[in-house]
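Now for the letters of each chain:
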Amino acid sequence: MKKQTQAESFVLTSSDGKFHLISKLGRVEKSVEAHCGAVLAGRWNYEGTALVTVGEDGQVKIWSKTGMLRSTLAQQGIPIYSVAWGPDSEKVLYTAGKQLIIKPLQPNAKVLQWKAHEGIILKVDWNSVNDLILSAGEDCKYKVWDSYGRVLYSSQPHEHPITSVAWAPDGELFAVGSFHTLRLCDKTGWSYALEKPNTGSIFNIAWSIDGTQIAGACGNGHVVFAHVVEQRWEWKNFQVTLTKRRTMQVRNVLNDAVDLLEFRDRVIKASLNHAHLVVSTSLQCYVFSTKNWNTPLVFDLKEGTVSLILQAERHFLLVDGGGIYLHSYEGRFISSPKFPGMRTDILNAQTVSLSNDTIAIKDKADEKIIFLFEASTGKPLGDGKLLSHKNEISEIALDQKGLTNDRKIAFIDKNRDLYITSVKRFGKEEQIIKLGTMVHTLAWCDTCNILCGLQDTRFTVWYYPNTIYVDREILPKTLYERDASEYSKNPHIVSFVGNQVTIRRADGSLVHISISPYPAILHEYVSSSKWEDAVRLCRFVKEQSMWACLAAMAIANRDMSTAEIAYAAIGEIDKVRYINAIKDLPSKESKMAHILMFSGNIQEAETLLLQAGLVYQAIQININLYNWERALELAVKYKTHVDTVLAYRQKFLETFGKQETNKRYLQYAEGLQIDWEKIKAKIEMEITKERDRSSSSQSVKNVGLKH
């Protein structure tokens with residue numbers, strides 16, 4: 001028996017080969033002859049617009065919501081015991097003996113089939129939020145699969161066949177039923193709780209829409225009801241436990257103080273972070289400050305069933321069946337972002353991210369796209385451009401600190417590559433740069449922009465991920481790495497608070513890692529422009545990673561003196577020389593252009609010089625980089641220094657004993673005599689001109705100051 005989303009009617013399948021459409025008042029609207037032998041399962045799709053039935057005759061049939069046959073999807077020849085819709089309602093998963101089969105509704109589309117169990121498979125379920133599949137069989141095991149048919153978890157054999165499995169709506173938990181057995185499991189497979197009710201076999205399990213309770217159909221003719229309790233949330237020195245359906249206990253581990261929080265209705269979702277506890281019940285939202293547990297801020301909810309709560313430092317996000325709502329911790333409604341084809345029922349903590357100024361949401365219709373919204377207005381960010389990647393994205397995370405203009409988003413794609421990019425993108429195509437490979441899980445620190453992730457068998461911390469934009473050569477020197485093979489397969493980062501990282505292993509146990517507190521202090525000094533303190537800290541700590549971070553931070557903030565000290569400390573002598581050369585340049589624009597070149601932004605450097613009218617300098621940087629085509633193009637375009645470019649080109653070719661073959665160079669060199677003395681004089685003149693310009697603009701500033 002499966003309900004539609006609108007719940008206007010339900011379907012009842014029976015052993016005589018029929019299914020019955022029954023209204024919520026209990027009236028039989030229609031009975032349909034569907035299969036030869038018993039109809040073993042019937043399920044509505046997520047929109048409630050189509051019904052799939054399977055039976056003892058081995059057929060899979062798709063019906064309209066009025067009971068008209070649309071198609072016979074498959075004919076197996078053996079009984080099909082269970083069926084489930086794919087998250088997008090475009091595919092159907094069904095059992096065939098020991099095999100699982102995923103068949104798309106489109107004809108001629110590729111069918112995925114694999115051997116899943118050693119015995120007949122009795123039950124399957126497929127969750128729309130996490131896109132994971134559950135299966136249970138007569139081999140007494142339950143298993144978790146991804147949608148490609150790769151096993152993620154396989155349980156130990158139980159004493160009896162597993163007769164039922166069902167996902168909670170938000171995809172965080174699932175329930176398993178067997179003979180006299182009811183088990184609650186995490187989405188990764190490990191077991192939270194085991195109950196032994198005297199029920200016979202539990203043949204079917206259904207979750208309530210809010211994911212707080214389940215009902216089970218039992219072999220002894222009874223229905224068993226169960227509630228999810230003892231959920232726990234932790235943040236710094238606070239531990240919050242849901243002791244009963246409407247009661248929470250708060251414990252402060254520093255002084256062992258205990259507070260009891262009572263609610264009018266049952267608790268559905270909660271989140272504890274950034275010194276606030278946000279609790280949603282079936283009708284209201286409560287916001288508690290960790291400084292005061294007695295007087296929460298309470299407001300009514302629009303829809304009731306909150307499926308996700310996300311917190312940032314200044315505000316929090318609620319997701320329910322109707323939309324996405326941003327509220328301040330004072331309870332004020334801020335915004336509600338919307339985008340075409342938005343389905344809030346499939347959003348989770350991996351596909352939505354929140355910072356003080358930005359909301360990022362991964363699109364489900366096209367998984368290569370991330371929507372970016374301004375938190376304060378709910379409108380698309382910048383010029384409304386989407387963030388688009390070449391592969392499907394599996395997890396996203398916004399950094400939490402710093403200025404809005406520097407906001408970064410990190411994401412992992414289906415190949416398990418980690419990328420980072422800027423959120424603000426006005427017109428110019430922002431680079432999406434790869435930070436790491438084989439990354440399974442990631443988290444930003446809540447107090448500064450430090451990123452951590454689990455990479456293959458290593459735990460990696462990127463102390464200053466922005467280094468990739470400033471000087472990618474020293475990025476490896478800014479990392480902290482340690483062996484993570486002890487965390488077993490598929491560990492997950494739960495939180496990164498201060499310098500504490502919490503990791504959940506595949507068996508459900510929690511591991512806490514402390515990272516060095518110094519990089520966070522360095523971030524703090526740099527954000528307040530306390531460069532001398534930053535240098536003193538690095539001298540005190542004497543770690544290469546600190547100096548490398550400071551070098552990149554100084555370049556990013558255009559503080560060349562600090563950059564020089566930091567690069568010298570990590571032995572990058574060539575870069576120290578280049579920085580010294582930059583400091584001697586006559587004009588501010590030249591200095592700025594060479595800092596951009598230092599970071600590899602050649603195009604921007606050239607544009608800056610041309611805008612400042614320093615055409616020769618723009619030509620010179622292209623000559624220095626052997627961009628011969630571009631150097632000549634600029635000289636011809638601005639009708640200046642064509643002979644200079646030709647002279648340097650000739651010198652370059654002579655050094656390597658080569659002849660000129662480039663047609664454009666041959667064309668301009670025809671009949672031209674190169675006079676190095678003349679060229680040197682012209683270059684001297686350009687430098688003098690730039691120096692004079694620089695000093696005159698400086699004196700204008702000084703005159704302004706006198707007035």
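Residues numbered from 1 in each chain as written. Predicted model: local features only at pLDDT ≥ 70, side-chain atom pairs only at ≥ 80, totals over all residues. Heavy atoms only, no water.

### Describing the overall build of the protein
Thinking step 1. Looking only at helices and strands, the protein features 13 helices and 49 strands.
Thinking step 2. On the principal axes, the C-alpha backbone points of the protein span a range of 105 × 65 × 45 Å.
Thinking step 3. A total of 707 residues make up the protein; the buried ones form 52% of that total.
Thinking step 4. The long-range fraction of contacts in the protein, counting pairs at least 24 apart against all pairs at least 6 apart in sequence, stands at 40%. (Helix = DSSP H or I, 4+ residues; strand = E, 2+ residues; numbered from the N terminus. Buried < 20%, exposed > 50% of the residue type's maximum accessible area, 1.4 Å probe, protein only. Contact = heavy atoms within 4.5 Å.)

### A few points about the sheet that holds strand β30 (residues 292-300)
Thinking step 1. If you trace the four strands from one edge of the open sheet to the other, you get β27-β28-β29-β30, paired in antiparallel fashion. The open sheet terminates on both sides in strands that have one partner only, identified here as β27 (267-273) and β30. Geometrically, the sheet is characterised by an average inter-axis angle of 20° between neighbouring strands, direction not taken into account.
Thinking step 2. Where β27 lies against strand β28 (residues 276-281), six bridges are found, and the strand directions are antiparallel. (Pairing = 2+ DSSP bridges. Axes fitted to C-alpha atoms, helices over the stretch in contact; angles between N-to-C directions.)

### Details of unusual backbone geometry
Thinking step 1. For E230, which is not glycine, the phi dihedral falls at a positive 60°.
Thinking step 2. Relative to the elements of secondary structure, E230 occurs in the loop between β22 (223-227) and β23 (232-235).

### Digging into the pattern of salt bridges
Thinking step 1. For the structure shown, the criterion picks out 28 salt bridges.
Thinking step 2. Taking the shortest distance from any N to any O, the salt bridge between D417 and K434 comes out at 3.5 Å. Here D417, found in the loop between β40 (408-413) and β41 (418-422), pairs with K434, found in strand β42 (residues 433-436); they are 17 residues apart in sequence, far enough to count as distant.
Thinking step 3. Residue class for D417 comes out buried when judged on its relative accessible area of 11%. (Salt bridge = Lys/Arg side-chain N within 4 Å of Asp/Glu carboxyl O.)

### Comments concerning the nonpolar core
The nonpolar side chains of a soluble globular protein tend to be buried, and buried together.
Thinking step 1. In terms of nonpolar packing, the biggest core is built from 49 residues, with F459, V501, L522, L550, I555 and Y567 touching the most fellow members.
Thinking step 2. Top contributing element to this core by residue count: helix α4 (residues 544-556), with 10 residues.
Thinking step 3. What V501 contacts, discounting residues up to four positions off in sequence, is C452, F459, I493, S495, F496, V511, H512, I513 and I515.
Thinking step 4. Counting 20 residues, the second largest nonpolar core, distinct from the first, contains A612, L632, L646 and Y665. (Core = buried A, V, L, I, M, F, W, Y, C linked by side-chain atoms within 4.5 Å.)

### What about the environment of E543?
Thinking step 1. By the secondary structure assignment, E543 is in the loop between α3 (531-541) and α4.
Thinking step 2. Distance in space between the C-alpha atoms of E543 and V615 is 43 Å, their sequence separation being 72 residues.

### Topic: the sheet that holds strand β35 (residues 352-354)
Thinking step 1. Spatially, β35-β36-β37-β38 is the arrangement adopted by the four strands of the open sheet, whose pairing is antiparallel. Since the sheet does not close on itself, it has two edges, and those belong to β35 and β38 (387-388), each with one partner.
Thinking step 2. Bridge count between strand β36 (residues 358-362) and strand β37 (residues 369-374): five bridges; the pairing is antiparallel. Counterpart to K362 in the pairing with β37 is I370.

### Thoughts on helix α9 (residues 615-624)
Thinking step 1. Along α9, nine of the 10 residues are buried, which leaves the element largely enclosed by surrounding structure.
Thinking step 2. Y626 occupies a position one or two residues after α9 and carries a positive phi of about 60°.

### Structural notes on the packing of aromatic side chains
Thinking step 1. In total, this model carries 22 aromatic pairs according to the counting rule given.
Thinking step 2. Measuring from ring centre to ring centre gives 4.3 Å for F339 and F371, while their planes differ by 20°; the resulting arrangement is stacked. With F339 in the loop between β34 (333-335) and β35 and F371 in strand β37, the pair connects residues that are 32 residues apart, well separated along the chain. By the burial criterion, F339 is buried, and F371 matches it.
Thinking step 3. Through a chain of ring-to-ring contacts, three or more aromatic side chains come together here, namely F238, F263, Y286, F288 and W293. (Phe/Tyr/Trp six-rings, centres within 6.5 Å; stacked < 30°, edge-to-face > 60°.)

Geometry only, nothing functional implied.
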